[in-house]
Amino acid sequence: MPFTRISLRPGYSDAQIAQISDILQQSLEAEFAVPPGDRFQIFEAIPAGQRLFDRHYKSGGRSDNFIQFHILAGKPRSREQKQNFCRLLCDRLHAALGIHPDDVMVMIHFNTADDWSFSQGRMLSEEGL
């Protein structure tokens, strides 16, 4: 049940956004055991003047194509799962769209089923009751 906010520069076409979305979803399904159809993503195109980032901090050099993936997931994943996910995401974005791995930043946060209500005011933790 990950929710992902993707922050990127303006100018990506709808087709490119769809491709990034599909790559993200496929990577989550492959490495985080996310079920098909469990896709909740928001893309934010942010103008250059409002995207402030260090071009070299822990990177070989970021370009204007820098993308941030803020992932909130409902169950913890192992270090290996997180590493595999990040690497797979970078590899697929580079192969499909030419987005350099130095331009991909991933932040993963976890919470519990008590922190999610998908609809009707019911907490996810209630669904097992």
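Going by the structure above, here's the rest.
Residues numbered from 1 in each chain as written. Predicted model: local features only at pLDDT ≥ 70, side-chain atom pairs only at ≥ 80, totals over all residues. Heavy atoms only, no water.

**A short note on the overall build of the protein**
Line of reasoning, step 1. Per the secondary structure count, the protein includes 2 helices and 4 strands.
Line of reasoning, step 2. Reading the protein from its N end, one meets helices and strands in the order β-α-β-β-α-β.
Line of reasoning, step 3. The C-alpha radius of gyration computed for the protein amounts to 16 Å, which stays within 12% of the reference 14 Å derived for 129 residues, consistent with globular compactness.
Line of reasoning, step 4. Per-residue burial for the protein yields a buried fraction of 29% across its 129 residues.
Line of reasoning, step 5. In the protein, once contacts between residues fewer than 6 apart in sequence are set aside, the share between residues at least 24 apart is 72%.
Line of reasoning, step 6. Of the roughly 7,600 Å² that the protein leaves accessible, carbon and sulfur atoms contribute 51%.
Line of reasoning, step 7. Distance between charge centres in the protein, computed from 14 positive and 16 negative side chains, equals 4 Å. (Helix = DSSP H or I, 4+ residues; strand = E, 2+ residues; numbered from the N terminus. Rg over C-alpha atoms; globule rule 2.2 N^0.38 Å. Buried < 20%, exposed > 50% of the residue type's maximum accessible area, 1.4 Å probe, protein only. Contact = heavy atoms within 4.5 Å. Areas by Shrake-Rupley, 256 points an atom, 1.4 Å probe, with all protein chains shown as cover. Lys, Arg positive; Asp, Glu negative; His and termini not counted. Charge placed at Lys NZ, Arg CZ, Asp CG, Glu CD.)

**A word on unusual backbone geometry**
Most peptide bonds adopt trans geometry, and most residues besides glycine take a negative phi value.
Line of reasoning, step 1. One non-glycine residue, A33, lies in positive phi territory at about 55°.
Line of reasoning, step 2. If you trace the backbone, A33 turns up in the loop between α1 (14–32) and β2 (41–45).
Line of reasoning, step 3. Overall, the relative accessible area of 54% leaves A33 in the exposed class.

**A look at the nonpolar core**
Note that soluble globular proteins tend to have their nonpolar side chains buried in a common cluster.
Line of reasoning, step 1. I20, I67, F69, L89 and L93 are the most contacted members of the largest nonpolar core, which has 18 residues in total.
Line of reasoning, step 2. Contributing elements (two or more residues each) for this core: β1 (3–8), α1, β3 (67–73) and α2 (79–97).
Line of reasoning, step 3. The biggest single contributor to this core is α1, with 5 residues.
Line of reasoning, step 4. Among residues more than four places away in sequence, those in contact with I67 are I6, S7, L8, Y12, I20, I99, D103, V104 and M105. (Core = buried A, V, L, I, M, F, W, Y, C linked by side-chain atoms within 4.5 Å.)

**What to know about the side chain of R62**
Line of reasoning, step 1. Along the chain, R62 turns up in the loop between β2 and β3.
Line of reasoning, step 2. Within the structure, the side chain of R62 is placed 2.8 Å from the backbone oxygen of D54, a separation counted as a polar contact.
Line of reasoning, step 3. For R62, the side chain forms a polar contact with the main-chain oxygen of Y57, separated by 2.9 Å.
Line of reasoning, step 4. Ignoring anything within four residues of it in the chain, the contact list for R62 reads F53, D54, R55, H56, Y57, D102 and D103. (Polar contact = N/O pair within 3.5 Å; in protein donor to acceptor, adjacent residues only side chain to side chain.)

**Details of α2**
Line of reasoning, step 1. Along its 19 residues, α2 runs 27 Å from first to last C-alpha, staying within 8% of the 27 Å computed at 1.5 Å per residue.
Line of reasoning, step 2. Listed in full, the buried residues belonging to α2 are F85, L88, L89, C90 and L93.
Line of reasoning, step 3. Structurally, α2 contributes buried residues whose contacts are with α1, β3 and β4 (104–110). (Expected span 1.5 Å × (residues − 1).)

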